[in-house]
Amino acid sequence: MLKALKDRWPLLALFGVSTLSVGLIVTFLKTTDAFNPSAAVVVNPNVSTEQSSKAVQGSTVLGLAKQPAEARGGALSKIAQQGNGIEGDRARYMLATDLINQGQGQDALPLIEGLERSYTDMAPYILLRRGQAQTAAGDAQAAQSTWTQLLTQYAGSGAAAEALFELGNQTANASDAASQQANAVANDYWNTLLREVPSHPRSVDIALKRISESANTPDANPPATAAAQTATNLDELSLLKLVAKHGINHPQYTKALDLLTNKYSNALTADDWAAVGFGYWENQVYGKAGEAYAKAPGTPTSQYRTARGQQRGGKAGEALAGYQRLNQTFPEAPETAEGLLKLANIAPKPIALSTLDQVIERFPDRAAEALLIRADLLDDMKSPDSAKQARSSILTQYPSSETAAEIRLKNAKARAKKGDMNGAINWAQQVTTTAPKTEPAAEAGFWLGKWALRRNQPDAARRSFEQVIRNHPESYYAWRSAVHLDWAVGDFDNVRNFMPDIAIAPRRSPLPAGSTTLQELYLLGHDYTAWNQWQTEFVNQQEPTVSEQFTDGVLRLGINDNLAGIFMVSSLAWRDRPEEISEYNLLKETPEYGHAIYPFPYADLILGYAQQRQLNPLLVTALVRQESRFQASIQSIVGAVGLMQVMPETGEWIAQKTGETSYSLSNPADNVKFGTWYLDSTHREFNNNSLFAVASYNAGPGSVDKWIKEGGFSNADEFVEKIPYPETKGYISSVFGGYWNYLRLYNPEIAAKVAEL
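Residues numbered from 1 in each chain as written. Predicted model: local features only at pLDDT ≥ 70, side-chain atom pairs only at ≥ 80, totals over all residues. Heavy atoms only, no water.

A. View of the overall build of the protein chain. Each helix and strand counted, the protein chain has 39 helices and two strands in total. Within the span of the protein chain, comprising 757 residues, buried residues form 55% of the whole. Looking at the protein chain as shown, the accessible area adds up to about 32500 Å², and 48% of this sits on carbon and sulfur atoms. (Helix = DSSP H or I, 4+ residues; strand = E, 2+ residues; numbered from the N terminus. Buried < 20%, exposed > 50% of the residue type's maximum accessible area, 1.4 Å probe, protein only. Areas by Shrake-Rupley, 256 points an atom, 1.4 Å probe, with all protein chains shown as cover.)

Here it is in structure tokens:
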């Protein structure tokens, strides 16, 4: 299951096939390489996953999927005329869809006539497109007949949902005299849609539209009892419950939840409250989520989130009682361990110490973490000897834990600061030998390499740096290690002008979950249709499998819901069941996993302005990812706007400098134009040193200039260690770590060198 212990925070730093030369303005094909995890869906059940992936990689049509319609029309026409089998079918469908979108329905009709008989996986959508083509050609009666056939043969499908929506609109907009009768017929179609395919986004749209219409004539005195509410306004209640369950991605979702809980609280069942709690939680309205989960069925997740929601809502007393209730009801659940650790942070110190002792005794996988919190509490209580003993217990009883690695790394850095290099090396080596896969091991291994160079031991340094890249290829310290291995990856003082090649695979690979119809829609690049189809298939949203969660994340990226998409994929690391960890580790080794966490939205825009400003395009991409996760409409709590999180006053200053008279920071093009101008400015201010320039982007040039003057600058890595702002220090590792990941994933030379290790 998705680990309920973790709180869902946006992964943002807002607060605080051909090889493309980067000199070219490119249109990015958001595609992936061959994908072969053990759980992958096989498009044809009689063909192996590996065979399926190879068939996809060999498809010329799928290689055209992400090209603009005007660029691929000729090639598709040729394949549609000459091709047989799946290639010809795909070409006909893709070309017909392009023509329909261009209003050329009459030209599309011959392409899809009878196509459903051979292209069976796409049969429902072929009938949908045929009706759309007939409508565009002015033959509404033929369209109605085609869509009726679709409803008969594929009732309840995603394509049927679209057809019902279209039929309702077509009827409501008809110019016939009997408008009242037409509206009644239209409503019949939409009622069928709500009843048969409630999870489809079209159903959510209709439900919200009807709720909005009913809000124009509100009941001034809504009944207080469930029976009375149900009797007087069942339709609105049912619509709100539909939205609560299926509309979690809609912009108006939380408003609908507020209306549901304020107006119909007494009419909701425990399962309804679970859906409401999940919806609030996923939208980060934690206080209301806690209140809703308190009325949901009693599970470890609901009880944990009840207490955690109350804590984050400022109700410490209620939260404390909630964590204690969780401990009593589900004493062995993983959620209870997390709850007890949270309780220790808000309880009086004696209770906190007793609580931590329970974690140490009952949850060995969290014991080291609890011991460290216990040690910190003992320090606060002026018991340094007991605190020291607790930390010593971590090292002796849980030597391979991440907590032990953190303590050893801290000791190593403290010894190095005092000039005791033997002690520093000893502590750092303990990290890399006892806990080699933990995050602290990456940093410890890097410093072992640095210290070996200082001692004129180049072979030992090389081994340490290579071990960092081998064991922690995604880490910031892998980049720093690659720099010291003299790989062509750019360093702080020259990465701005380093222009790496970017290799992008020309086609996607099958998703690890979903129907064969969904697979085809995704492979064809029909992202919004694929996303809508997925809503009818993804019934396990509260406890998705690893494959389902990854699929959901990838499909979100396809519709530019990049913040949530990256989160869904990256949070797979929170899985705690052995079988899920195994599946996740397999998935993590595929190119698709890395490409989903480090995608290329707005690639033409970002690469274009990077070229114009003579900035390393992967550095700019990594900075945009860190600032906004490519979410163009996002705004921080301090007012920073858009993809590159430009402050309005900074935008005004840039506009004055550049002579811009009309701009909008919420417009992606204007935002990237201004953001790259400012990044270029900070580079010029610091003699093209990207460490200082990127730090300035976060903390301001004045702060960076002060740090240089006060702390001196002789070594870049040591300078990073001395940065006094934790946010900026983390920002440096996040941006340059992101840059490194884009490089190792999309630059053929570096990808090959990493693979060699």
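B. Representation of the pattern of salt bridges. Taken as a whole and judged by the stated rule, the model has 34 salt bridges. In this structure, Glu520 engages Arg90 in a salt bridge whose closest nitrogen and oxygen atoms are separated by 2.7 Å. Note that Glu520 is positioned in helix 25 (residues 516-523) and Arg90 in helix 3 (residues 85-101), a separation of 430 residues in sequence. Assessed through its relative accessible area of 2%, Glu520 is described here as buried. (Salt bridge = Lys/Arg side-chain N within 4 Å of Asp/Glu carboxyl O.)

C. Just the environment of Ser203, in detail. Along the chain, Ser203 falls in helix 9 (residues 201-215). Judged by relative accessible area, which is 0%, Ser203 ranks as buried. In this structure the C-alpha to C-alpha distance between Ser203 and Leu193, which are ten residues apart in sequence, comes to 6.3 Å. In contact with Ser203, other than residues within four places in its own chain, are Leu193, Leu194, Val197, Pro198 and Leu242. (Contact = heavy atoms within 4.5 Å.)

D. Expanded view of a negative patch on the surface. Taken together, the side chains of Glu402, Glu406, Glu439 and Glu474 present a region of like negative charge at the surface. Tracing the sequence through the fold places Glu474 in the loop between helix 23 (458-471) and helix 24 (476-484). (Patch = residues over 30% accessible without salt bridge, like charges linked within 9 Å, V, L, I, M, F, W, Y side chains within 5 Å. Lys, Arg positive; Asp, Glu negative; His and termini not counted. Charge placed at Lys NZ, Arg CZ, Asp CG, Glu CD.)

E. Layout of the packing of helix 15 (residues 316-329) against helix 16 (residues 334-346). Two elements in contact, helix 15 and helix 16, have axes whose closest approach is 9 Å; the angle formed by their N-to-C orientations is 145 degrees. Our pair here, helix 15 against helix 16, has a crossing hand that is left-handed. Every residue of helix 16 that contacts helix 15 at Ala316, Ala319, Leu320, Tyr323, Gln324, Leu326 and Asn327 is listed here: Glu335, Thr336, Gly339, Leu340, Lys342, Leu343 and Ile346. Residue classes in the contact of helix 15 with helix 16 are distributed as eight nonpolar, four polar and two charged. (Axes fitted to C-alpha atoms, helices over the stretch in contact; angles between N-to-C directions. Left-handed = near helix turned anticlockwise from the far one by under 90°. Nonpolar A, V, L, I, M, F, W, Y, C, P; charged D, E, K, R; others polar.)

F. The arrangement of the confidence of the model for the protein chain in detail. When pLDDT is averaged along the protein chain, the result is 89; 90% of the residues meet or exceed 70. Within the model, pLDDT remains below 50 along residues 1-49, and this stretch shows 166 contacts once partners closer than five positions in the same chain are excluded. Counted against residues more than four places away or in other chains, residues 220-234, with its pLDDT under 50, gives 16 contacts. (pLDDT = per-residue confidence, 0-100.)

G. Local environment of helix 21 (residues 421-434). If you check helix 21, its first and last C-alpha atoms are 20 Å apart, about what 14 residues at 1.5 Å a residue would give, namely 20 Å. Looking at helix 21, one finds that the buried residues are Met421, Gly423, Ala424, Ile425, Trp427, Ala428, Val431 and Thr432. Check the buried side of helix 21 and you find it contacts helix 19 (384-397), helix 20 (402-417), helix 22 (439-454) and helix 23. (Expected span 1.5 Å × (residues − 1).)

H. Inspection of helix 8 (residues 179-196) at higher detail. Under the 1.5 Å per step criterion, the end-to-end length of helix 8 is 26 Å for 18 residues, consistent within 8% with the ideal 26 Å. Here helix 8 has its buried residues at Ala182, Ala186, Tyr189, Trp190, Thr192, Leu193 and Leu194.

I. Geometry of the packing of helix 14 (residues 300-312) against helix 16. At a minimum axis separation of 10 Å, helix 14 and helix 16 run at an interaxial angle of 20 degrees. One finds that helix 14 runs roughly parallel with respect to helix 16. Crossing handedness for the pair helix 14 and helix 16: left-handed. In contact with Pro300, Thr301, Tyr304, Arg308 and Gln311 of helix 14, helix 16 contributes Glu335, Glu338, Gly339, Lys342 and Ile346. Looking at the contact of helix 14 with helix 16 residue by residue, the class counts come to three nonpolar, three polar and four charged. (Parallel < 35°, antiparallel > 145°, perpendicular 65-115°, else oblique.)

J. Unusual backbone geometry, seen in detail. Positive phi outside glycine occurs at Asn456, with the angle close to 60 degrees. On the basis of relative accessible area, Asn456 is assigned to the exposed category, the value being 66%. The residue Phe630 is not glycine, and still its phi comes out positive at about 65 degrees. Tracing the backbone shows Phe630 in the loop between helix 32 (617-628) and helix 33 (648-658). Owing to a relative accessible area of 1%, Phe630 belongs among the buried residues under this scheme.

K. Just the side chain of Glu162, in detail. Topologically, Glu162 is positioned in helix 7 (residues 158-172). In terms of polar contacts, Glu162 uses its side chain to reach the side chain of Asn532, at 3.3 Å. (Polar contact = N/O pair within 3.5 Å; in protein donor to acceptor, adjacent residues only side chain to side chain.)

L. Summary view of the packing of aromatic side chains. Taken as a whole, this structure holds 27 aromatic pairs when the rule is applied. When the centroid spacing of 4.8 Å and the interplanar angle of 20 degrees are considered together, the rings of Trp534 and Phe538 count as stacked. The exposure class assigned to Trp534 is buried, which follows from its relative accessible area of 2%. Exposure remark for Phe538: the relative accessible area of 5% places this residue in the buried category. An aromatic cluster of three or more residues is present, and its members are Phe446, Trp447, Trp451, Phe465, Tyr476, Tyr477, Trp479, Phe492, Phe736 and Tyr739. Sitting over the ring of Trp273, Lys295 keeps its end group 4.2 Å from the ring centre. If you follow Arg480 out to its NZ or CZ, it ends over the ring of Trp479, 4.7 Å from the centre. (Phe/Tyr/Trp six-rings, centres within 6.5 Å; stacked < 30°, edge-to-face > 60°. Lys NZ or Arg CZ within 6 Å of the ring centre and 35° of its normal.)

M. Examining the environment of Lys722 more closely. Mapped onto the fold, Lys722 is located in helix 37 (residues 716-722). Among the residues examined, Lys722 registers a relative accessible area of 52% and is labelled exposed. The sequence separation of Lys722 and Gly712 amounts to ten residues, and the corresponding C-alpha distance is 9.9 Å.

N. Structural context of the side chain of Gln631. With respect to the element layout, Gln631 can be found in the loop between helix 32 and helix 33. By relative accessible area, which is 16% here, Gln631 ends up buried. Among all residues touching Gln631, those that are not within four sequence positions of it are Asn560, Asp561, Asn562, Leu563, Gly642 and Leu643.

O. Looking closely at the environment of Pro512. Summarising the element assignment, Pro512 is placed in the loop between strand 2 (502-504) and helix 25. Pro512 gets classed as buried once you look at its relative accessible area, which sits at 4%. Sequence-wise, Pro512 and Thr551 are 39 residues apart; in three dimensions their C-alpha atoms are separated by 6.4 Å.

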